[in-house]
Amino acid sequence: MKDKLKSLWRFFFGDSARAFGSASLILLALLAISPAKDHFSQWRHYQKQYLHLIRGRADAVTLERHFQGGIQQIWIPEQQVTDRCTTCHLGLKEASLNDVSAVAFRKHPVIPHSLTEFGCTTCHRGQGAATTVEEAHSATEQWEQPLLRAKYIESGCGQCHLEKQTATPFLNQGRQLISTSGCTNCHTIKQADGTYIVPEDDPPSLKHVADKTTREWVYAWIKDPQAYASTATMPNYHLSDDDARDISAFIIAQSAPLEPPLQPVKADAKAPADPAAGTSLYGQSFCASCHAMQNAAGMLVGGNVGPELTGIGTKAKPEWLPDWVANPNHYDPATMMPHYRFDAAQVATLAGFLASKTEPDFLANVHLDPATPQQIEHGKRLVLENGCASCHEINGIKKPENFAPELSRIGSKPMSQLLFVEGVERSLPGYVSAKVRNPRAFGSSLKMPQFKLTPQQVDAITTALLALTDRAQTQPPAMRIASVQQTKYEPAGHAGQLMKDLRCFTCHMINGHGGDMAPDLTWEGTAVQRDWLTQFLKNPETLRPALIRRMPKFNLTEAEINSLADYMMTVYQTPQFDRDWLPVSEFTPATAEQGRQLFYSKFACQSCHIADFAKDKGYIGPALAGTGKRFNAAWVYHWLKDPQALRPGTIEPNQHMTDDEARALTAFLMSLKSTGSKEVAKK
Amino acid sequence: MKRALIAYCGITLLLTSGCSRKSKQPPQLQATAKGAAIVESSGGKQIGYIGLPLDQPVVVQVNDASGAAVAGAAVYFSGAPGVSFEPPAALTDSSGQVTSAVSLGQQAGRYKISASTRDASGKNVEIAIEEAALGYQQTLGAQLNAQYCIRCHDPESSPLRVSNMDNLSVKPHPFTEGETLNKMTDADLIALISHGGPALNKSAEMPPWGYTLSKSDIAALVAYIRAVADPPYEAGGLVYAQK
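Predicted model only: the values in this text are computed from it and were never measured. (Residues numbered from 1 in each chain as written. Chains lettered and ligands numbered in written order. Predicted model: local features only at pLDDT ≥ 70, side-chain atom pairs only at ≥ 80, totals over all residues. Heavy atoms only, no water.)

**Q** Quick rundown of the overall build of chain A? Include the residues and the values.
**A** From N to C terminus, chain A includes 32 helices and 6 strands. Against the 2.2 N^0.38 benchmark of 26 Å for 683 residues, chain A shows a C-alpha radius of gyration of 34 Å, more extended than a compact globule. The C-alpha extent of chain A, read off along each of the three principal axes, is 125 × 85 × 45 Å. Going through the 683 residues of chain A one by one, you find that 48% of them count as buried. (Helix = DSSP H or I, 4+ residues; strand = E, 2+ residues; numbered from the N terminus. Rg over C-alpha atoms; globule rule 2.2 N^0.38 Å. Buried < 20%, exposed > 50% of the residue type's maximum accessible area, 1.4 Å probe, protein only.)

This is the structure we're talking about:
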């Protein structure tokens, strides 16, 4: 054995010539390893596979001409993109390859961007520079970001698109939820365009809470807000009985009485004579446009702008309800609720109706002894610890700053900064979604409360959070589409005060400020006739039969109506054209007749609008039977020519009419002066 | 060749989510009863989005030879890689049913999922259920449809959206009606949506959208119409199913 080895050694290294030869051979072999590795590398196999695939196809010649072997790379230094994905994904740009079942070679689905300009990892994450399947797609020791799952893909869009895009419903929903759930009361989110996601959950002030409700109700509410109203946005803090007892003690102790104080309910006050009167006033005032209430069948009916009212009689003190209904500004000057001008009888009717909406079970097991100073003191500590004042105004407690971690770059948070617990997928999306879904799973002492979200809502919020990346913050500003922010517009003067008192901006947008529940009024003064406007403010009949949300009747005085109408007619005018530019006197009956024919035949307007209540039925758009009394001809004409120029985003199609057609149709519509309306049967 | 194939299988596996790995090995269930047939109760033919759970769960029912529901039978769900089920397998409840939340895969298109059970002889009885997943372009189309088209084209009403179909003298087709819409070419659809009914000698009650929506919006609407057609637009086209 030993001899054999010796002779072998001698054979290779016996003399200097042999030794040199053998060493050279070994070196050569070593040198060959790298090219051989390259030759057998994964991506080459993919390229061979791809060639095999395309050679079998009808357009093989074209496809082969497009094919380039070797490592491919999309390099965009200013976006930090170095993506070699196209080394294996060879068919991404080949339109004909959209029927290929192998995902690796299929054409990329249609998106509005070119791969060459944006790269792959910008949206999909993964390791762009890698050239093996494992490294490119999965998290490795050197690389934290695996490919993003499809359900979060819209987060890619959200890095540049801070505006609301039609094509990204989940991203939009996520951003909306972050805002309406009030996440940003505690977490700061500064977007790449310098704007902040502002909370829109409208948590009530607690300055006078003891005037509104009882300590028992506060106790039961903070223990489980959704037990009171399934739609409650306040999250659950999973408080112990003792903690809830002490917090409720402190909150009530801090409450200051209203100035002037509430009127006590008279001992001899009787329930309203006719209970049905309350129901009908609630209906006529369109309270349900904003408030939901469970009906007899247990179905929730109504909007979500204000709180649900199913159990309001259990929550609100009997003396608070009439005060609030009469003028909400007294209790809360910052409320979104309008100041209806109810008379004393109406106030009593409505307050009585609301007081009868009770949920006795909610307080059935709540028995609190009078609070001790120690309990109040402990309650204060808990209020500070839990950051209650991040959302609510509380006497004697300052709103904490940066109560929770800033989330402006959560979408790029390094894994080393994340603490995982059992059952949470070890990835950034896994972490973020688990935190949103069940924050206390990360430790029962953590402060973040439990929100009530469906799995789909959790995914949407996660998508919006994952869009908040380093890339979003550092990329060239030219790539960004800024978010649309509310302006600070406020109407001036006496009419302005009135509009604020009526809370017009809760529903209407004017000059970029306000809600989107009702039409934008920025150019209302150009659109409508003054007489119609005053009539409408006096008695707002519905303009769109198929809508549930309607303009409420505020019981305005003559003077108030005139003040509003004057202001709107003078201030809310478009600079695009003059209101009186097209006098009706110019129209002849012949033109109007021509317009009538266009209405019913060429443009078939009756499929969406009613010109004649006796025979038309379409109800997607507003009824037009009273156009001649409502609108100005110039507005109608310009609307017909280009609706989106007057109201961006309106669904009225631009029919590309000629000037003559628009003029004839205007003549016809202006000749319609019906004052009647007809309730269209709702299906 | 073989290596490349293995590598290829590898990549498809990797491209799909972790869930698929979970659904790879459905737990073995101790069935207390066996049925003879499996039928779909609800949840088929939904239109969902890539990677996201379908709105409604899929519910299947196991019946015996006489058509009566069987409780305690084991039902296993399976689908293409990337499709996940929660739960992936379960015993039928007292009404003979199993309910599972389904998330479709990462690719837009049609999916065929299957639910199976074993009959008394140990034979697999199976039912195929079809679903569709929308990707970027089809999602845009779906959103535009909801904004601009649905009130004329969908006979269903909801409290927030009253159908206008009954008010039209010519009844449009819901976009799911493949029988009609599949016969129209892409060019026809684009012409009709852009220029309105008269472009194809149809009613002017179908308005023109070409001056309101962009070309890519209209392409997205066509993509959506194709994606939801029932029967499918391309008979025998690509369907994601279990190998």
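There is more to say after this.
**Q** Describe unusual backbone geometry, and please don't skip the residues or the numbers.
**A** Backbone torsion omega between Glu259(A) and Pro260(A) reads -20°, so that peptide bond is classified as cis. Topologically, Pro260(A) is positioned in the loop between helix 14 (241–254) and helix 15 (275–284). Residues Glu86(B) and Pro87(B) are joined by a peptide bond in cis, for which omega reads 0°. Secondary-structure assignment places Pro87(B) in the loop between strand 5 (84–86) and strand 6 (89–91). The phi dihedral of Asn402(A) is positive, around 45°, even though this residue is not glycine. Of the residues examined, Asn402(A) reaches a relative accessible area of 61% and is grouped as exposed. Residues other than glycine seldom take positive phi values, yet Asn201(B) does so here, at roughly 60°. Its place among the elements puts Asn201(B) in the loop between helix 5 (186–195) and helix 6 (215–228). By relative accessible area, which is 76% here, Asn201(B) ends up exposed.

**Q** Describe the packing of helix 26 (residues 530–538) of chain A against helix 27 (residues 558–571) of chain A, naming the residues involved and giving the relevant values.
**A** All names here are of chain A. Running from N to C, helix 26 and helix 27 cross one another at 135°; their axes reach a closest spacing of 10 Å. One element, helix 26, and the other, helix 27, form an angle in the oblique class. Note on packing geometry: the crossing formed by helix 26 with helix 27 is right-handed. Across the interface between the two elements, Arg-530, Leu-533, Thr-534, Leu-537 and Lys-538 of helix 26 pack against Glu-558, Ile-561, Asn-562, Leu-564, Ala-565, Asp-566, Met-568 and Met-569 of helix 27. Grouping the constituent residues of the contact of helix 26 with helix 27 by class yields 7 nonpolar, 2 polar and 4 charged. (Axes fitted to C-alpha atoms, helices over the stretch in contact; angles between N-to-C directions. Parallel < 35°, antiparallel > 145°, perpendicular 65-115°, else oblique. Left-handed = near helix turned anticlockwise from the far one by under 90°. Contact = heavy atoms within 4.5 Å. Nonpolar A, V, L, I, M, F, W, Y, C, P; charged D, E, K, R; others polar.)

**Q** Describe the interface of chain B and chain A, and please don't skip the residues or the numbers.
**A** Contacts between the two partners involve 47 residues from chain B, matched on the other side by 51 residues from chain A. The largest per-residue losses of area from chain B upon contact with chain A belong to Tyr136(B), Asn167(B) and Tyr211(B), which jointly make up 14% of the total buried on that side. For the pair chain B and chain A, the number of links is 0 salt bridges. Taken together, the connections running from chain B to chain A amount to 8 residue pairs in polar contact (both at pLDDT 80 or more). Contributing elements (two or more residues each) for the side of chain B that touches chain A: helix 1 (2–15), helix 2 (18–24) and helix 3 (136–153) of chain B. When residues in the side of chain B that touches chain A are grouped by element, the largest group, 10 residues, is from helix 3 of chain B. Class assignment of the residues belonging to the side of chain B that touches chain A gives a composition of 29 nonpolar, 14 polar and 4 charged. (Buried area = accessible area lost by both parts, 1.4 Å probe. Salt bridge = Lys/Arg side-chain N within 4 Å of Asp/Glu carboxyl O. Polar contact = N/O pair within 3.5 Å; in protein donor to acceptor, adjacent residues only side chain to side chain.)

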